[in-house]
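Structural overview
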Amino acid sequence: MQELESITTKYRFSSMMQAPLHGFAFWFDVEFNGPAIFSNHLQYSSQSSSLDMCSQGSDQRKKRAKSDEALVLSTAPEDAPTHWQQTLIYFYDPIEVKQDQIIEGSITISQSRENPRFLNIHLEYSSSDTGMAAPKIGSSAGTEG
């Protein structure tokens, strides 16, 4: 599990338009492989009311159609919300970028030593088009997992 304590990847993208770049947003997808059983049954009850949400004609537990089919948990903004949400890192001052300007760098996400449920984010970025460069941007506040 030591390989999960720190993950580094490089990125490269081009801006879609001329506009100020205010920062970066991050989210993740996790893919679970192999056979799985999940519940599509949600039940809420209290002294005064009861709510039972279950698909008509279906079992309380359902298997994936294919055992080799992956189950994906996504925290992307366009997917259903999870308690992990997204992470935003804002610049102190926005950076003006041109349309099709290349922005590249790397990101390292590591487990916090102080609190293993938190993540530290180290972001590096640059762009040769305007000479913008920020060798290090760090976030030690982290994201609770």
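Residues numbered from 1 in each chain as written. Predicted model: local features only at pLDDT ≥ 70, side-chain atom pairs only at ≥ 80, totals over all residues. Heavy atoms only, no water.

**What to know about the confidence of the model for the protein**
Cut-off, in case you're wondering: For every residue, the predictor reports its confidence as pLDDT, a number between 0 and 100. Every residue pair with non-hydrogen atoms within 4.5 Å of one another is taken to be in contact.
With 61% of its residues at a pLDDT of 70 or more, the protein has an overall mean of 74. The low-confidence segment residues 41-63, where pLDDT is below 50, has 29 contacts with residues more than four positions distant or belonging to other chains. Below a pLDDT of 50 lies the segment residues 135-145, which in the model reaches 32 contacts outside its immediate sequence neighbourhood of four places, other chains included.

**A look at the packing of aromatic side chains**
Aromatic rings in a pair are described by how distant their centres are and how their planes are angled relative to each other. For the record, the criterion: Pairing of aromatic side chains requires ring centres within 6.5 Å, counting the rings of Phe and Tyr and the six-membered ring of Trp. Pairs whose planes differ by under 30 degrees are stacked, by over 60 edge-to-face, and all others tilted. Helix and strand labels come from DSSP, where a helix needs a run of H or I of at least four residues and a strand needs a run of E of at least two; each type is numbered from the N terminus. When a residue's accessible area, from a 1.4 Å probe over protein chains only, is under 20% of the maximum for its type it is buried; when over 50% it is exposed; and in between it is partly exposed.
Across all of its chains, the model carries eight aromatic pairs by this definition. Ring geometry for Phe28 versus Trp84: centroids 6.0 Å apart, planes at 70°, classification edge-to-face. Taken together, the residues span a long stretch of sequence, with Phe28 in the loop between β2 (19-26) and β3 (29-32) and Trp84 in the loop between β8 (71-74) and β9 (87-97) at a distance of 56 residues. For Phe28, a relative accessible area of 34% corresponds to the partly exposed category.

**Looking at the nonpolar core**
Considering soluble globular proteins, one finds that nonpolar side chains tend to be buried as a cluster. Counted only if it meets this: Among the buried residues, those of types Ala, Val, Leu, Ile, Met, Phe, Trp, Tyr and Cys that are joined through side-chain atoms within 4.5 Å form a nonpolar core.
Phe24, Phe26, Phe91, Leu123 and Tyr125 are the most contacted members of the largest nonpolar core, which totals 13 residues. Going through the elements one at a time, β2, β9, β10 (102-111) and β11 (119-126) are the ones with two or more residues in this core. In terms of residue count, the dominant contributor to this core is β9 (four residues). When sequence neighbours within four positions are dropped, the list of residues in contact with Phe26 reads Gln86, Thr87, Ile89, Ile107 and Leu123.

**Things to note about the pairing of β10**
The condition that has to hold: The pairing criterion for strands is at least two bridges between them, as found by DSSP.
Where strand β1 (residues 6-14) lies against β10, nine bridges are found, and the strand directions are antiparallel. If you follow Ser14 over to β10, its bridge partner there is Ile102. Both β10 and β11 contribute to a ladder of eight bridges, which runs antiparallel. Across the sheet, residue Gly105 finds its bridge partner in β11, namely Tyr125.

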